[in-house]
Amino acid sequence: MRMKLDRRTFLAGSSALAILPYIGFARAADRTNPIIALDADIGNLDPGNRVGTTEGNIIRSVCQTLVRFEPGKTSWTNDAAKEIKQISDTEFDFELNPGQMFTGGFGEMTADDVKYSFDRYINGDKSGKKLAYADDMEALKSVEVTGKYTGKLILKHPSAALWLIGICDASGAILSKKAVEQLGDKIATTLIGSGPMVLKEWRPKEQFVLAANPDYKGPYKAHFEEITGKIIPEHKTSFLSYQAKELDFTAFDADQLDTAKGLPDTKVIDIPGIDYTWIGINVEKGDLADIKVRQAIRWAIDVDAIIQGAYSGATSRAKTLLAPGLLGNWADAPLYTRDVAKAQALLAETGKTGLTFTFTCLNDATSLAVAQIAQANLAEVGITLTINAMDSGAYWALGADDASKDLELTLIPYTSKFDPSFQTQWFLASQIGLWNWQRWNSPEFDKLHQEGLETLDKAKREAIYINMQKLLDESASCIWITHGRNFFVDAAWLKPMFLPNGKDWQFEFFDKA
Amino acid sequence: MSGLVATLKRICSERDGRLGLAFTCLILVFALVGPLVSPDPNAIDIKARFAPPGVMHLLGTDNLGRDLMARTSVGTRYALTLAVMIVVISSVIGSLIGIVAGIAGGWVDRAVTAVFDIVNAFPPLILAFALIALYGKGSATFVLLVTVVFIPQFGRMARARAQTLRTLSFIEAERMLAVHPVTIVVRHYLPNVAGPIIVLASMNLPVVIAFEASLSFLGFGVQPPKSSLGTLIKDGFISINQSWWPTVAAALVLAIATLGATLLGEALRRVIDPKSAGVR
């Protein structure tokens, strides 16, 4: 077939091309259900073995917990529970609402399901293997079933953290005993809940769709029929997609702040972070086992330059694990300002030369910028860094099966919760091979962590967590970079909702503005 | 020497040839001289990040304050070096394999052709991902990968020529006179195969340059802090809201390099192999 290009065809074609961009705008304006971006794909939907915030956020919206965080707050109200009664510091009675149905035909939620869900944290999975998030429920001794809908939570010791990071959060998700037993290993990819939403679709590395659960009986019905989550690991890319009206909500990097502020029909959300990004040093690995080498690296790396270069100066520098504002923040923690002479002197003391290490990080622009600054800094003191940038799936898989044992220096971004014990748990000896990528083993730190869990007095807890951070500092296994700052853009018609850390999104409370 | 001058004269006698030669020379000068007159391409200067083009930094700076003139010229040098290296290695290996297959015929020919078909069956990017998964990222993997991809192209051309030559009477005569096969290959096959192989090599140069840039853009090529045109375009694209010049500078160099090599290759084909020049 031959196509003849005359003036009329040309004009018609040009007109069609001219209105093409506006079709995109029209589609965006017509959307009634939001499309949002997430920087990490679903890794494991088992609440006790979840990988990151993506699964945590999905699990909280798909599953019910005894009590649920209120919109945007760390206070909570009853969800699956009709009533929770405190009998003593270590004993709580609960009663479930009747008629709460699990999706997929797995029946009604009973106290047996609560016991089964929580026992997994106490006894491990079906093969007895400890769940990755078992420490969220560390204080829980047992769950006793006293009736179809009633039971008791028995604690080992009084715990300030159990409710905040355990029961209310994704770890507290109540699963169907029948479903878990039937699904077996598929629990990692299939989520059966009774909460406000259902996981309607998941196309790995592409998108997932959460839909409102019509059978949800609790007080927090989802506002949208569907929320589509696109997996876009790179914030710069998702920000461009947002500008093209393909998305209604996304996080973006600090260096795009001015651009974001100038976008039409857009709200910019800026939340100071409580997370922690640091360079973890594997204390078991070769020359890094020498504390002087680790101290030299700490003196050699210019964290201030990293803040300016990789984060555009839009976030402040961290000097310890717990962010300002959190219980246990060590305000007087030492600040290691770059000192090449000290670094070289320490290396000279070790007598080691020609040191070469691998720096592992995510392959996003910010992480790569951090890696390259560290690489340049260390080159000045004679240490050669090879950068190993990994996609998020491969990177976070390092948290399983001792895959982290060969890491050397690693840029690690972890999210925080509101109780310091959540942050400190990843540095325990029991986390070596899982999420303690420094492989630092301090019995004293472990003992203090336990004390922190069992102590209710705020001042005493504060002192405990400061002491723990001092031990971390002495180990020179962590170079703290930043607690982050969370920037989001969202379409003016959408009202997203998240907990005050900016990372725990509450899909069930996303609403029209 | 006079042959080279004559070839250059014939290339310059047409417009596309002149343009291709000019672009190629420009890129060569940029790649050779650029790094000599620029600062350290990996030197970070956070205070100078995203500096616009100026006297201190002719092409501006990137997100870490590194001089883009230095990084672009080093990236160009790297791309050209790799391209030439790959094309030379794959053309030599491919020609030898192709000539052997063409002369031997029978099962040797069928086996070589089957291997070429298998290699060609994989889309280059898929093959690239597989080899990178096996051998890791880096220049050595890249050279291995692209060499493997290009060997069949050269091999097929050499094989076809060798098959034609094998039946010619002067080759038959030398064989009857018990002239050593290697001598026959060196004396007759190689000179006859060389022309089309040189043309094919010149046509493949821009393909390798673009392929290297593509892989680096996707994060599978050059690893930081080294620069390549692909990583420069990607890094620039990510920061396009802050500065447009890193992307434009790298993309322009890539465009000139590939266009120049393509035009020069086409012109070379018309000069060396006029019979195939009309075939598109």
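Rules used in this analysis
Residues numbered from 1 in each chain as written. Chains lettered and ligands numbered in written order. Predicted model: local features only at pLDDT ≥ 70, side-chain atom pairs only at ≥ 80, totals over all residues. Heavy atoms only, no water. Helix = DSSP H or I, 4+ residues; strand = E, 2+ residues; numbered from the N terminus. Buried < 20%, exposed > 50% of the residue type's maximum accessible area, 1.4 Å probe, protein only. Contact = heavy atoms within 4.5 Å. Areas by Shrake-Rupley, 256 points an atom, 1.4 Å probe, with all protein chains shown as cover. Lys, Arg positive; Asp, Glu negative; His and termini not counted. Charge placed at Lys NZ, Arg CZ, Asp CG, Glu CD. UniProt positions renumbered as here; feature names shortened; annotations may be inferred. Phe/Tyr/Trp six-rings, centres within 6.5 Å; stacked < 30°, edge-to-face > 60°. Lys NZ or Arg CZ within 6 Å of the ring centre and 35° of its normal. Core = buried A, V, L, I, M, F, W, Y, C linked by side-chain atoms within 4.5 Å. Buried area = accessible area lost by both parts, 1.4 Å probe. Salt bridge = Lys/Arg side-chain N within 4 Å of Asp/Glu carboxyl O. Polar contact = N/O pair within 3.5 Å; in protein donor to acceptor, adjacent residues only side chain to side chain. Nonpolar A, V, L, I, M, F, W, Y, C, P; charged D, E, K, R; others polar. Axes fitted to C-alpha atoms, helices over the stretch in contact; angles between N-to-C directions. Parallel < 35°, antiparallel > 145°, perpendicular 65-115°, else oblique. Left-handed = near helix turned anticlockwise from the far one by under 90°.

Some points on the overall build of chain B
Right, on to step 1. Per the secondary structure count, chain B includes 11 helices and zero strands.
Right, on to step 2. With the C-alpha coordinates aligned to their principal axes, the bounding extent of chain B is approximately 75 × 45 × 30 Å.
Right, on to step 3. Taking all 280 residues of chain B together, the buried fraction comes to 48%.
Right, on to step 4. Taking contacts inside chain B between residues at least 6 apart in sequence as the whole, the part at least 24 apart equals 70%.
Right, on to step 5. Summing over all exposed atoms, chain B offers an accessible surface of approximately 13700 Å²; the carbon and sulfur share of this is 73%.
Right, on to step 6. When the 23 positive and 14 negative side-chain charges of chain B are each reduced to one mean point, those points stand 3 Å apart.

Considering the UniProt feature "domain: Solute-binding protein family" (unreviewed entry) in chain A
Right, on to step 1. According to UniProt, the positions carrying the feature "domain: Solute-binding protein family" (unreviewed entry) are residues 81–429 of chain A.
Right, on to step 2. Across residues 81–429 of chain A one finds 28% helix and 23% strand; the C-alpha atoms that close the span lie 35 Å apart.

With respect to the packing of aromatic side chains
Residues and elements named next belong to chain A.
Right, on to step 1. For the coordinates displayed, the defined rule picks out 39 aromatic pairs over all chains.
Right, on to step 2. Ring geometry for W396 versus Y414: centroids 6.2 Å apart, planes at 35°, classification tilted. On the criterion of sequence distance, the pair formed by W396 in helix α12 (residues 392–396) and Y414 in strand β16 (residues 409–414) is long-range, its members being 18 residues apart.
Right, on to step 3. Taking 6.3 Å as the distance between ring centres and 90° as the angle between the ring planes, the aromatic pair formed by W505 and F507 counts as edge-to-face.
Right, on to step 4. If you follow R298 out to its NZ or CZ, it ends over the ring of Y336, 3.9 Å from the centre.
Right, on to step 5. Taking NZ or CZ as reference, K417 lies 5.3 Å from the ring centre of F422, over its face.

Looking at the nonpolar core
Residue and element names in this part refer to chain A.
Right, on to step 1. Counting residues in hydrophobic clusters, the biggest one holds 74 residues, and the most contacted among them are L66, L153 and F427.
Right, on to step 2. Broken down by element, the residue count for this core peaks at six residues, all from helix α4 (residues 161–167).
Right, on to step 3. Setting aside anything within four residues of it in sequence, one finds L153 in contact with L66, T90, E91, F92, F94, F118, L140, S142, V143, W163 and I167.

A short note on the interface of chain A and chain B
Right, on to step 1. Chain A puts 21 residues into the contact, and the matching count from chain B is 14 residues.
Right, on to step 2. Summed over both sides, the interface between chain A and chain B buries roughly 1500 Å², with carbon and sulfur atoms accounting for 54% of that surface.
Right, on to step 3. When the area that chain A buries against chain B is broken down by residue, the three leading residues are L240(A), G309(A) and Q372(A), summing to 29%.
Right, on to step 4. At the boundary of chain A with chain B, the tally comes to zero salt bridges.
Right, on to step 5. Connecting chain A to chain B are three residue pairs in polar contact (both at pLDDT 80 or more).
Right, on to step 6. Broken down by element, the side of chain A that touches chain B gets its largest block of residues, seven residues, from helix α11 (residues 365–379) of chain A.
Right, on to step 7. For the side of chain A that touches chain B, the residue count by class is 10 nonpolar, eight polar and three charged.

Points about the packing of helix α3 (residues 68–104) of chain B against helix α10 (residues 245–272) of chain B
All names here are of chain B.
Right, on to step 1. With their axes 10 Å apart at the nearest point, α3 and α10 run at an angle of 30° to one another. By the angle between their directions, the pair α3 and α10 is classed as roughly parallel. The element α3 and its partner α10 pack so that their crossing is right-handed. Where α3 approaches α10, its residues L68, T72 and T76 are matched on the opposing element by W245, P246, A249, A250 and V253.

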